[in-house]
Amino acid sequence: MSSYGRSFVVVVLTLFCLFLTQAYGLRKVKPIDDVQPKKTLAVHNQIRAAVGVAPLVWNETVAAYAQRYANKQARAGICQFSDMRHSGGPYGENIAAGWVQPKDQMSGPIAAKFWLTEKPNYDHATNKCKDVCGHYTQMVANQSSSLGCGSFRCHDNELIWIVCDYYPMPVGDANTRPY
Ligand SMILES: *[C@@H]1O[C@H](CO)[C@@H](O)[C@H](O)[C@H]1NC(C)=O
Ligand SMILES: *[C@@H]1O[C@H](CO)[C@@H](O)[C@H](O)[C@H]1NC(C)=O
């Protein structure tokens, strides 16, 4: 009886571990699998079309730059939100992070949808943000015509960082509207 009980616990624990390993994807993932270039581009272009802005194209040069920066952050062990900085390069740049999870796991397309939540904060009439809207205005900036993203993971592959760079860098000052 008691040995039956114990093996049951072991089986349950084993199943639970299998489930955790699958759902929480602790295996190594290629950065490009988190970036999902086609979907990331498609989500950006839907968001741009909604305000009448021409689509972006994927730019391999820009994507390679974003991935180099992602690799550099990964090597430096930058995992904390408060430690993350922009790369300070020649491009516009959005960065997002999110945990591995069963649904809406952080990725290029999910990052773009996350930045879209800032849309209500942007007032086109005054060209001002209430609260944060700079990630949104970067996505819809008509001065940018191409995009490239990279990614890295930390905390045993459970935290996913997405870095998207935009070329040309938008002007983004008080007098220049994104569209
Ligand atoms: C991609 O980016 C590079 C470097 O910033 C730039 O020279 C090139 O014109 C871009 N290509 C496209 C298609 O936008
Ligand atoms: C970009 O938006 C600005 C501000 O509305 C507009 O003046 C300009 O003509 C637009 N440029 C393009 C290429 O659509």
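Model, not experiment: these values are computed from the prediction. (Residues numbered from 1 in each chain as written. Chains lettered and ligands numbered in written order. Predicted model: local features only at pLDDT ≥ 70, side-chain atom pairs only at ≥ 80, totals over all residues.)

Looking at the overall build of the protein
Along the protein, the regular secondary structure elements total six helices and six strands. When the helices and strands of the protein are read in sequence order from the N terminus, they spell out α-α-α-β-α-β-α-β-β-α-β-β. A burial count over the protein gives 33% of its 179 residues as buried. When contacts within the protein are restricted to residue pairs at least 6 apart in sequence, long-range pairs at least 24 apart make up 72% of them. (Helix = DSSP H or I, 4+ residues; strand = E, 2+ residues; numbered from the N terminus. Buried ≥ 20, exposed ≤ 12 C-beta atoms within 10 Å, placed from the backbone. Contact = placed C-beta atoms within 7 Å.)

With respect to the sheet that holds strand β1 (residues 57-58)
Spatially, four strands are ordered β1-β5-β6-β2 in an open sheet, and the strand pairing comes out mixed. Edge strands, defined here as strands with exactly one partner in the open sheet, are β1 and β2 (92-99). Contacting β1, β5 (146-154) and β6 (159-167), helix α4 (residues 60-76) crosses the sheet at an angle of about 20 degrees to β5. (Pairing = 2+ DSSP bridges. Axes fitted to C-alpha atoms, helices over the stretch in contact; angles between N-to-C directions.)

Quick look at the site of ligand 1
Around ligand 1 sit Val57, Asn59, Thr61, Val62, Ser145, Ser146 and Tyr167, and those are all the residues in its vicinity. A class-by-class count of the residues in the shell around ligand 1 yields three nonpolar, four polar and no charged. (Near = placed C-beta within 6 Å. Nonpolar A, V, L, I, M, F, W, Y, C, P; charged D, E, K, R; others polar.)

Re the confidence of the model for the protein
Segments scoring low in pLDDT should not have their predicted coordinates read at a detailed level. Chain-level statistics for the protein give a pLDDT mean of 88 and a share of 85% at 70 or above. Confidence drops under a pLDDT of 50 for residues 1-23, and excluding neighbours within four residues, the segment shows two contacts in the predicted structure. (pLDDT = per-residue confidence, 0-100.)

Considerations on the nonpolar core
Grouped together as the largest cluster of nonpolar side chains are 34 residues, with contacts concentrated most on Ala66, Ala111, Cys149, Trp161, Ile162, Val163 and Cys164. When contributions to this core are tallied by element, the ones reaching two or more residues are α3 (37-49), α4, β2, α5 (108-116), α6 (134-140), β5 and β6. With seven residues, the top contributor of residues to this core is β6. Residues within four places of alanine 111 in sequence aside, it is in contact with Ala96, Met106, Ile162 and Cys164. (Core = buried A, V, L, I, M, F, W, Y, C linked by C-beta atoms within 7 Å.)

Thoughts on the pairing of β2
With six of its eight residues buried, β2 lies for the most part within the structure. Where β2 meets β6, eight bridges bridge the pair, whose relative direction is antiparallel. If you follow glycine 92 over to β6, its bridge partner there is tyrosine 166.

Focus: the environment of tyrosine 69
By secondary structure assignment, the location of tyrosine 69 is in helix α4. As a C-alpha pair, tyrosine 69 and valine 163 span 94 residues in sequence and 8.1 Å in three-dimensional space.

Here's the deal with the pairing of β5
The buried fraction of β5 is high, at seven of nine residues. Sheet topology note: the β5/β6 ladder contains nine bridges and is antiparallel. Note on β6: the bridge partner recorded for glycine 150 is valine 163.

With respect to α3
When the terminal C-alpha atoms of α3 are compared, their 18 Å separation across 13 residues agrees well with the 18 Å that a helix rising 1.5 Å per residue should span. Every buried residue belonging to α3 is among Thr40, Leu41, Val43, His44 and Arg48, and all of these are buried. Down the axis of α3, the smallest arc covering the buried residues is 160 degrees, so these residues share one side. Facing away from the buried side of α3, by more than 90 degrees, are the exposed residues Lys38 and Ala49. Of the surrounding secondary structure, the elements contacted by the buried residues of α3 are α2 (31-35), β1, α5, α6 and β5. (Expected span 1.5 Å × (residues − 1). Arc of directions from axis to C-beta.)

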